[in-house]
Amino acid sequence: MTQNDKKQRVAEAALPYIDDDMVVGVGTGSTVNFFIELLATIKHRIDGAVASSAITEELLKQHHIPVISLNSVNELSVYIDGADEATKHLQLIKGGGGALTREKIVAAASKKFVCIIDDSKFVDVLGRFPLPVEVIPMAQSYVAREIVKLGGQPVLRAGFTTDNGNIILDVQGLQILQPSELEAALNNITGVVSNGLFARRPADVLLIAGDQTIQTIT
């Protein structure tokens, strides 16, 4: 089974979490793209979707799924998104697509966060995938020096600007044994907008597509 086959299957496994008349939070990334195609088949059942990025908003509109501003809803019942890495403790690294800040906002506003991945993203310890950190441009050098003090090796994501007009530092060389503590430490660096650790607000449900089955961790 190919990786795309697994992404398709795990996207299908997320559909039962969608109820009638719901506003759905929708993440960003290749696995979520499969979910958006499936969501389009039941768009008549939902009120609309809140997008975590400009790219996702455009895809939703292409499928004629109504896009609703997060400011127009009090709470999202469910948020569906992928991850670059995930552990059995439901802690994640996200932001490979650069949408980490908006993804964190939508996740925070959601009652249930359902994370969909294929088994290549399931790890024992976070950190093999470089940890994205969104940074205000004028703070790039300062933030990079502070990250080095924390044991990371920050690399500027060349030619990339977030939807918020900021830069991304991808932090390599980390073995993240205490994700919540590192998430807080990074967020406390002046000039950091947010980082790609989803540990303080982890997933509520993790769906993992393998060759034969879909594993559910809650």
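By convention here, each chain's residues receive numbers from 1 onward along its written sequence. Since the coordinates come from a predicted model, pLDDT governs what is reported: local features require at least 70, and pairs of side-chain atoms require 80 or more to be given and counted, while whole-chain, interface and lining totals use all residues. Working from all heavy atoms in the structure, the side-chain values ignore hydrogens and water.

A. Main features of the sheet that holds strand 1 (residues 23–26). In this description, strands pair whenever DSSP reports at least two bridges between them. Numbering of helices and strands runs from the N terminus, with a helix taken as a DSSP run of H or I at least four residues long and a strand as a DSSP run of E at least two residues long. In spatial order, the strands read 2-1-3-6-12-13; together these six strands make up an open sheet with mixed pairing. Single-partner strands in this sheet number two, and they are strand 2 (48–51) and strand 13 (214–217). Averaged over all pairs of adjacent strands, the angle between strand axes in this sheet comes to 20 degrees, irrespective of strand direction. Bridge count between strand 6 (residues 110–118) and strand 12 (residues 205–209): five bridges; the pairing is parallel. Counterpart to D118 in the pairing with strand 12 is A209. Between two residues, a contact is recorded if the distance between any of their heavy atoms is within 4.5 Å. Axis lines are fitted through C-alpha atoms, for helices just across the contact stretch, and the angle between N-to-C directions can take any value from 0 to 180 degrees. Against the sheet, helix 3 (residues 54–62) contacts strand 1 and strand 2, and its axis sits at roughly 160 degrees relative to strand 2.

B. Looking closely at unusual backbone geometry. Notably, D21 is not glycine yet its phi reads approximately 65 degrees, a positive angle. Examined against the element boundaries, D21 turns out to sit in the loop between helix 1 (3–14) and strand 1. In this structure D21 comes out as exposed when scored by relative accessible area, which is 58%. Backbone geometry at H64 places phi at a positive 60 degrees, although glycine is not the residue there. Between buried and exposed lies partly exposed: a residue is buried under 20% and exposed over 50% of the maximum accessible area for its type, with that area taken using a 1.4 Å probe on protein chains only.

C. Fine view of the pairing of strand 3 (residues 76–81). Across the six residues of strand 3, five count as buried, placing the element largely inside the fold. As paired strands, strand 1 and strand 3 are joined by three bridges and run parallel to one another. In the strand pairing of strand 3, V24 is matched with V78. Strand direction decides the pairing type here: strand 3 and strand 6, joined by five bridges, are parallel. For L76, the partnering residue across the bridge sits in strand 6 and is S110.

D. The sheet that holds strand 5 (residues 92–93), seen in detail. Spatially, 4-5-11 is the arrangement adopted by the three strands of the open sheet, whose pairing is antiparallel. The open sheet has two edge strands, strand 4 (85–86) and strand 11 (197–198), and neither has a second partner. The pairing of strand 4 with strand 5 spans two bridges and is classified as antiparallel. The residue of strand 5 that forms the bridge with E85 is I93.

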